[in-house]
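Secondary and tertiary structure notes
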Amino acid sequence: MNEMSTPERRPVEVVKTVNGLEKVVLREIHGCSVEVYLYGAHVTSWKNEHGEELLFISSKEIFKPPKPIRGGIPICFPQFSSLGPLELHGFARNRLWTFDDDPPPLPPDIANKVFTDLILRSTKDDLKIWPHSFEYRLRITLGPGEDLMLTSRVRNTGTDGKPFTFTFAYHTYFSVSDISEVRVEGLETLDYLDNCQKMERFTEQGDSLTFESEVDKIYLSTPTKIAVMDHEKKQTFVIRKDGLPDAVVWNPWDKKAKAMADFGDDEYKHMLCVEAAAVEKPITLKPGEEWRGRQQLSVVNKLLDA
Ligand code: BG6
């Protein structure tokens, strides 16, 4: 279906976008919605029941492979950042995923949820740069209400008897009113690796995080719940995570923003990445083994603590 045609209010719909890419639209009964590109299995939109966008997408984004999409929720796999031999954040975010028509069962879903199942398998070309056979299944679930859940299952499908190791992140870009009005709770007093200071290890002070300059930190072994509070909007995003011990906090600030072709000069003021991740201790899977990593995002219209 063309994006210009009137969509029926079906709970799950596949739409062709301008560049010939396909996206899945999930709609929940109260009017919340989520959009997921098959390119990268990339969530590009998450709207509440009033149709307000909760994720940041750069106005400079052109949705044209092989460039990864700037904003939304990129999947960083099988490598987070440049901590390995692969391109920055691995290759899953710029591969074409397909629908997973026969996913192995997950715990039964309760009413008022809509979901889609996507899959990525290693291709011959991928095996040349990362010589490990895998199956990566991603379920994206919307509801109840505006809750957005991403469940990743990665399996080692190799027949060579060898284990493989990977790092991972759900690189979520939250839309915020003004970065100077944002506070993050749940990461105080933790150790972090500072990517602005050659990955040196530091300990965070006792206060919740606020933002006045570039930040690129990997917080280690964090609680499973983190809160991102937007004081101007009086709104709190709550991130709950499972199987993902670390959390990355990133904002490029003004200089780096100017250096990024797919990012507006002032857009750093309206986004913050808080990323459920497994970085410090890479995950190892023996042949036949499966790993699960889950992120659940909720939004509340008041200021909540973590
Ligand atoms: C963050 C990293 O997760 O992603 C940063 O910690 C990186 O170091 C940022 O700059 C953006 O990466 P990219 O590849 O999407 O420009």
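Here the structure is a predicted model, which is why all the values come from computation and not from measurement. (Residues numbered from 1 in each chain as written. Predicted model: local features only at pLDDT ≥ 70, side-chain atom pairs only at ≥ 80, totals over all residues. Heavy atoms only, no water.)

This part is about unusual backbone geometry. Note that the residue after Pro 65, namely Pro 66, is joined by a cis bond; omega there is 10 degrees. Along the chain, the position of Pro 66 falls in the loop between strand 4 (42-47) and strand 5 (75-76). That bond from Phe 77 to Pro 78 is cis: its omega, 0 degrees, falls within 30 degrees of zero. For Pro 78, the position within the fold is in the loop between strand 5 and strand 6 (98-99). A positive phi angle is found at Lys 198, which is not glycine, with a value near 50 degrees. With respect to the helices and strands, the residue Lys 198 is situated in the loop between strand 13 (191-194) and strand 14 (200-203). (Helix = DSSP H or I, 4+ residues; strand = E, 2+ residues; numbered from the N terminus.)

Moving on, we get to the UniProt feature "active site" (unreviewed entry) in the protein chain. Mapped onto this numbering, the UniProt entry annotates "active site" (unreviewed entry) at His 171 and Glu 275. These residues run over 105 residues, yet every pair of their C-alpha atoms falls within 4.7 Å of each other. With respect to the secondary-structure elements, His 171 resides in the loop between strand 10 (164-170) and strand 11 (173-175). Residues within four places of His 171 in sequence aside, it is in contact with Gly 72, Ile 73, Pro 74, Cys 76, His 89, Trp 250, Cys 273 and Glu 275. Within the secondary structure, Glu 275 sits in strand 19 (residues 271-285). Residue contacts for Glu 275: discarding those within four places in its chain leaves Phe 80, Ala 169, Tyr 170, His 171, Thr 172, Asp 246, Ala 247, Val 248 and Trp 250. (UniProt positions renumbered as here; feature names shortened; annotations may be inferred. Contact = heavy atoms within 4.5 Å.)

If you look at soluble globular proteins, the nonpolar side chains tend to sit buried side by side. Counting 72 residues, the largest nonpolar core has Trp 46, Phe 77, Tyr 136, Ile 140, Phe 166 and Phe 211 as its most contacted members. At eight residues, strand 19 tops the list of elements feeding residues into this core. Each residue touching Ile 140, except ones within four places of it in the same chain, is listed here: Leu 26, Val 34, Val 36, Val 43, Val 114, Phe 115, Thr 116, Leu 118, Leu 148, Met 149 and Leu 150. Listed in part, the nine residues of the second largest apolar core include Ala 169, Leu 193, Val 248 and Val 279. (Core = buried A, V, L, I, M, F, W, Y, C linked by side-chain atoms within 4.5 Å. Buried < 20%, exposed > 50% of the residue type's maximum accessible area, 1.4 Å probe, protein only.)

Bringing the pattern of salt bridges into the picture now. Following the criterion strictly, the structure yields 20 salt bridges and no others. Taking the shortest distance from any N to any O, the salt bridge between Asp 262 and Lys 67 comes out at 2.7 Å. One end of the pair, Asp 262, is in the loop between helix 2 (253-259) and strand 19; the other, Lys 67, is in the loop between strand 4 and strand 5, and 195 residues separate them in sequence. Look at Asp 262 and you get buried, because its relative accessible area is 11%. According to the relative accessible area criterion, Lys 67 is partly exposed, its value standing at 22%. We note a salt bridge from Lys 256 to Glu 214, for which the minimum N-O separation is 2.6 Å. On the criterion of sequence distance, the pair formed by Lys 256 in helix 2 and Glu 214 in the loop between strand 14 and strand 15 (215-219) is long-range, its members being 42 residues apart. What you see here is one network of salt bridges that share partners, running through Glu 61, Lys 67, Arg 70 and Asp 262. (Salt bridge = Lys/Arg side-chain N within 4 Å of Asp/Glu carboxyl O.)

A few words now on the sheet that holds strand 2 (residues 22-27). In spatial order, the strands read 1-2-3-4; together these four strands make up an open sheet with antiparallel pairing. This sheet does not close on itself; its edge strands, each paired only once, are strand 1 (12-16) and strand 4. Averaged over all pairs of adjacent strands, the angle between their axes in this sheet comes to 20 degrees, without regard to strand direction. Sheet topology places strand 3 (residues 33-37) next to strand 4; five bridges connect them, and they run antiparallel. Counted as the bridge partner of Ser 33 is Lys 47 from strand 4. (Pairing = 2+ DSSP bridges. Axes fitted to C-alpha atoms, helices over the stretch in contact; angles between N-to-C directions.)

Looking now at the environment of Pro 223. Topologically, Pro 223 is positioned in the loop between strand 15 and strand 16 (225-230). Pro 223 gets classed as partly exposed once you look at its relative accessible area, which sits at 38%. A C-alpha to C-alpha distance of 9.6 Å links Pro 223 and Leu 190, two positions 33 residues apart in sequence. The residues touching Pro 223, leaving out its near neighbours within four places in the chain, are Gly 186, Leu 190 and Lys 241.

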